[in-house]
Structure formats: C-alpha cells, structure tokens
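Structural features, examined
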Amino acid sequence: MTAEGVSLLTSIYLGLFVGGLAFFWLWEDGAPLRPFPDARARRRHALRNLGVLAAVILFADLLVGSWLLRAGERVLETPPGLLTPLALPIAAQVAIAFVLIDAIEYGLHRLAHAWRPLWLIHTVHHSDPHVDATTGVRNHPLETTVAIVVRVGLYLALGLPLWIELVRVIVVNTLFLWQHSNVVSPRWLEALRLVFVTPAVHRQHHSPVPPLIDRNFGQMFSLWDRIFGTYAEPQSEAPPEYGLRKLAGEHWQSLPGLLLTPLRARLVPDPL
Ligand SMILES: [Zn+2]
Ligand SMILES: [Zn+2]
C-alpha cells in the first residue's frame, strides 16, 4: 500500500459516509418505516446524534486514535507480530482481519450488555427512541475509544498493516448506516441475513425488553450469533418499540445528556 492508496481509501471512506447519510436521509424522508411526529423532531434527533459523532471524532478519532496511538502515522507500517513468520498473501491478511475483528466486536458487544461499566457507556446507542441511519453513528466517545484501542492492539499483536482497518471501516460504517436505516430494504437485500447482519436483524437488538435486547449482537457477520445461540430471526421489520424506558426523557436525550449518560446512569437502578 502506498501513501496515494491510503489517501484514495480515505476519500472513499469519507465520500461513502457522507453520501450514505445523505442517501438514507432522503430515503427515510420519502418512505419511512416508522415516521417521526414531524420534520422538526426528525431534524433535532439527527442533529443530536451527529453531535455525538462530532464528540467521537474529536475525542476518540483525533485525540486517542491520531494523537495518542499515532494510528495515522502507522497506517503504512507493518510491524512484526504473531502472523509475520507465515508471510501470508495480502488477501489472506485482509480476510483474517475482517473475520477476527468481527468476532472480537461480537464478544465486546456481549460484554457491554453483561458488565455494567461498559453497559453504562453502551446505553447511549440503545437509548435512541427513534432508530434511523443517524443512530448508526450514535456511540459514546468512550465506547469508540475502547474499540479503537482493542483494534489497534490486535493489528500490532498480529503484525497486520493498519491500512486494512481503513478498508474494514469503509465496509462496516456503510453497513452501520444501512442496519439502522428507517426504511424497508428490498427482500433480496434482507436475504443477505444468512451471512450478514441486515437492518431487520439489527433492529430487534434495539428493543428495550428481553429477550430481543440480548439477541443479535453481531456487527458484520450473523455467523457469531448463530454459532453462540444469540441469533433471533426477525418476526417483523422492527420490534414494537425502541429505546430504553428509563432514559427516554429530555434530560437524557439532549446532546449534553447523551454525553453525560455514562456518569448519570450510574445512579439509575438496573435494569436500565
Ligand atoms: Zn447493544
Ligand atoms: Zn444499533
């Protein structure tokens, strides 16, 4: 991989992300699966979720990823690691990174539902009472920080080049927007759930009540949920309701409320 290649990947990443948000914004406007009360409520909801994204970019991406971990400078380096002696072709390295990181994300997601300190951070994603494409970027900066540290650590430990992560997030971020989109996807796309986590599959996870909230933890591949018995086949496009009942008020849903949720929610008794 060359510096030009990395800048091309970065452009594709940003273009697909901004283009994807705009694409779903228009589609959700024309044919929403679950309409907002009015356009103003929809705009306010989107601005708040994008506000959380801005905090993620500043804190997790720039401060931790770029500055502390120097991920940008290391993107072309291939440090020696556990896989180095095998001298694997690049396609195999990409495949290993995709499968392994997806398995780790599945495990981390399950841990976030089982271990209260992580759950308090993860609630920011779950407390959204209206799931749409902007929910895909509604993750607390601390949650993204944990994910970045784990992923960079894995690439360094295995000796895989970090630019592979750039390729992976192009796929995963586009997938996130689609998984949370407030539209009904064509049947042939939903049929991909045999292999991938589709919107109907992921929406079940946004139900506030068990068992659905404890099902479908997968990020990219539905394989892990199927193997470990946490897969729930969607019985409908979406569960009857979204969000977390105790975190539904304005106190929680404003931008400061969202960013302070991990602190404030400590005082809320389980289950959240
Ligand atoms: Zn979750
Ligand atoms: Zn989600």
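Above this text sits the structure in question.
Report follows, based on the coordinates. Every value quoted in this text rests on a predicted model; they were computed, and no experiment measured them.

Here we come to the packing of aromatic side chains. With the rule as written, the count across this model stands at seven aromatic pairs. Taking 6.5 Å as the distance between ring centres and 10 degrees as the angle between the ring planes, the aromatic pair formed by Tyr-13 and Phe-17 counts as stacked. Of this pair, Tyr-13 and Phe-17 both sit in helix α1 (residues 3-30), four residues apart, which is roughly one turn of that helix. A relative accessible area of 13% places Phe-17 in the buried class. With a centroid separation of 6.3 Å and 85 degrees between ring planes, the pair formed by Tyr-106 and Phe-217 is classed as edge-to-face. Here the residue Tyr-106 occupies a position in helix α4 (residues 90-114), and Phe-217 occupies one in the loop between α9 (199-205) and α10 (223-227), the gap between them amounting to 111 residues. Here a set of aromatic residues connected by ring pairs shows up, and it is made of Phe-23, Phe-24 and Trp-27. The ring of Tyr-242 carries Arg-34 above its face, with NZ or CZ at 4.8 Å from the centroid. Directly above the aromatic system of Trp-25 lies the positively charged group of Arg-42, at a separation of 3.6 Å from the ring centroid.

Where helix α2 (residues 39-68) meets helix α6 (residues 141-158), the axes come as close as 9 Å, and the angle between the chain directions of the two elements is 30 degrees. The orientation of α2 with respect to α6, classified from their angle, is roughly parallel. Relative to α6, α2 is oriented so that their crossing is right-handed. Along the contact surface, α2 presents Ala-55, Val-56, Phe-59, Ala-60, Asp-61, Val-64 and Gly-65, while α6 presents Pro-141, Leu-142, Thr-144, Thr-145, Ile-148 and Val-149. For the contact of α2 with α6, the residue count by class is nine nonpolar, three polar and one charged.

Scoring rules and cut-offs
- Note that residues are indexed from 1 along each chain, following the sequence as it is written.
- For naming, the first written chain is A and the first written ligand is 1, with later ones following in the order written.
- Thresholds applied to this predicted model are a pLDDT of at least 70 for local features of residues and 80 or more for the giving and counting of side-chain atom pairs; totals over whole chains, interfaces and linings are not thresholded and use all residues.
- Only hydrogens and water are set aside when side-chain values are computed; all heavy atoms of the structure are taken into account.
- Stacked, edge-to-face and tilted labels apply to pairs of Phe, Tyr and Trp rings (six-membered ring for Trp) whose centres lie within 6.5 Å, assigned for plane angles under 30 degrees, over 60, and everything in between, in that order.
- Here a helix means four or more residues in a row that DSSP labels H or I, a strand means two or more in a row labelled E, and each is numbered from the N terminus.
- Classification of residues uses two cut-offs on accessible area relative to the type maximum, computed with a 1.4 Å probe and protein chains only: under 20% is buried, over 50% is exposed, and between them is partly exposed.
- Placement of a charge over a ring requires the Lys NZ or Arg CZ to be within 6 Å of the ring centre, with the centre-to-atom vector within 35 degrees of the ring normal.
- All axes here are fitted lines through C-alpha atoms, helices being fitted over the stretch that makes contact, and every angle between N-to-C directions spans 0 to 180 degrees.
- For classification, angles of less than 35 degrees are called roughly parallel, those exceeding 145 degrees roughly antiparallel, those between 65 and 115 degrees roughly perpendicular, and all remaining angles oblique.
- Handedness of each helix crossing follows the sense of rotation of the near helix against the far helix: counterclockwise by less than a right angle gives left-handed, clockwise gives right-handed.
- Any two residues whose heavy atoms approach within 4.5 Å are treated as being in contact.
- The residue classification treats Ala, Val, Leu, Ile, Met, Phe, Trp, Tyr, Cys and Pro as nonpolar and Asp, Glu, Lys and Arg as charged. All others, Gly included, are polar.

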